[in-house]
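Listed below are the residues making up each chain.
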Amino acid sequence: DEANGMDIDGDLNSLNLKRFMVETKRQLCAAYCSIGELYLTDLCEEPDAENSCEAALKAAVEIDASAQIESGPFESEIGPSPPDALQTMANLRLSQSRVAEALDC
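Residues numbered from 1 in each chain as written. Predicted model: local features only at pLDDT ≥ 70, side-chain atom pairs only at ≥ 80, totals over all residues. Heavy atoms only, no water.

### Notes on the overall build of the protein
Inclusion rule: Helical segments are the DSSP runs of H or I of at least four residues, strand segments are the runs of E of at least two, and each set is numbered from the N terminus. Partly exposed residues are those whose accessible area sits between 20% and 50% of the maximum for their type, while under 20% is buried and over 50% is exposed, using a 1.4 Å probe and protein chains only. By the convention used here, residues are in contact when the closest approach between their heavy atoms is within 4.5 Å. Note on areas: Shrake-Rupley, 1.4 Å probe, and residue coverage restricted to the protein chains presented here.
Within the protein, the secondary structure is distributed over 5 helices and 0 strands. Counting across all 105 residues of the protein, residues that qualify as buried make up 27%. The contacts of the protein with a sequence gap of at least 6 include a subset with a gap of at least 24, amounting to 68%. Surface exposure of the protein reaches about 6800 Å², of which carbon and sulfur atoms provide 54%.

Laid out in structure tokens, this is it:
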């Protein structure tokens, strides 16, 4: 009802775009987490595995933070962010015997 200053179609389109953007960022975050997990397990003997894992997980945390900002006031409609990035980063810190940093994740 545009007479009352409300554009329902525009609001729905905006919410759908936000959902799409947040979901895309969450999928990208999950992909980086999977890469990090591979370096923590199957690829742990590869040269520079620790640095590659760290880089993937830093990217995951940044993307996750961006998705949380993006969802903002729509979080109740979009849903909360999964803990994957921080949980996987904590796993890396534990494998590095950096327990205090793991607890901060």
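### A few points about the pattern of salt bridges
Just so we agree on the cut-off: The term salt bridge refers to a pairing of a side-chain nitrogen on Lys or Arg with a carboxyl oxygen on Asp or Glu at a separation within 4 Å.
Summed over all chains, the structure comprises 6 salt bridges. The shortest N-O distance in the salt bridge between Lys58 and Glu54 comes to 3.9 Å. Taken together, the residues Lys58 and Glu54, both in helix H2 (residues 49–71) and 4 residues apart, mark about one turn of the helix. Residue class for Lys58 comes out partly exposed when judged on its relative accessible area of 44%. When salt bridges that share partners are traced, they join Glu54, Lys58, Arg93, Arg98 and Glu101 into one network.

### Some words on the state of the cysteines
Rule in force here: Throughout, a disulfide means two cysteine sulfur atoms within 2.5 Å of one another.
Per the counting criterion, the structure on display carries 0 disulfides. Cysteine Cys29 remains unbridged, with the sulfur of Cys33 as its closest cysteine sulfur at 4.3 Å.

### Points about a nonpolar patch on the surface
Keep this limit in mind: Exposure above 30% relative accessible area and the absence of a salt bridge qualify a residue for a patch, where like charges join within 9 Å and nonpolar side chains (Val, Leu, Ile, Met, Phe, Trp, Tyr) within 5 Å.
A cluster of nonpolar residues, Leu17, Phe20 and Met21, forms a patch on the protein surface that exposes about 310 Å² of accessible area. Along the chain, Met21 falls in helix H1 (residues 8–40).

### Some remarks on the side chain of Gln96
The condition is simple: Contacts described as polar in this section are N or O atom pairs within 3.5 Å, which, within protein, must combine one atom able to donate a hydrogen with one able to accept it, while residues neighboring in sequence count only if both atoms come from side chains.
Within the element layout of this structure, Gln96 appears in the loop between helix H4 (84–95) and helix H5 (99–104). Among the polar contacts listed, one links the side chain of Gln96 to the side chain of Arg93, at a separation of 2.9 Å. Leaving out residues up to four positions away in the same chain, Gln96 has contacts with Glu50 and Glu54.

### Regarding H4
Given 3.6 residues per turn, any residue in an α-helix points the same way as the ones three and four places further on. Convention followed: By this rule the span expected of a helix is its residue count minus one, scaled by 1.5 Å.
Between its first and last C-alpha, H4 extends 16 Å over 12 residues, near the 16 Å set by a 1.5 Å rise per residue. Where H4 is concerned, the buried positions are Ala85, Thr88, Met89, Ala90, Leu92 and Arg93. Within two residues after H4, Ser97 carries a phi angle of roughly 60°, on the positive side.

### Details of the packing of H2 against H4
Applicable threshold: An axis is simply a line fitted to the C-alpha atoms; with a helix, the fit covers only the stretch in contact. Between two such axes, the angle follows the N-to-C directions and lies from 0 to 180 degrees. Orientation categories follow fixed angle ranges, with anything under 35 degrees roughly parallel, anything over 145 roughly antiparallel, 65 to 115 roughly perpendicular, and all other angles oblique. Helix crossings are classified by the rotation of the near helix relative to the far one: an anticlockwise turn of less than a right angle makes the crossing left-handed, while a clockwise turn makes it right-handed. Just so you know the grouping, Ala, Val, Leu, Ile, Met, Phe, Trp, Tyr, Cys and Pro go in nonpolar, Asp, Glu, Lys and Arg go in charged, and all remaining residues, Gly too, go in polar.
Across the interface, H2 lies against H4 with an axial gap of 9 Å and an inter-helix angle of 150°. Taken together, H2 and H4 sit at an angle that is classed as roughly antiparallel. The two elements H2 and H4 cross, and the hand of that crossing is left-handed. Along the contact surface, H2 presents Cys53, Glu54, Leu57, Lys58, Ala60, Val61 and Asp64, while H4 presents Ala85, Leu86, Thr88, Met89, Leu92 and Arg93. Here the contact of H2 with H4 is composed, by residue class, of 8 nonpolar, 1 polar and 4 charged.

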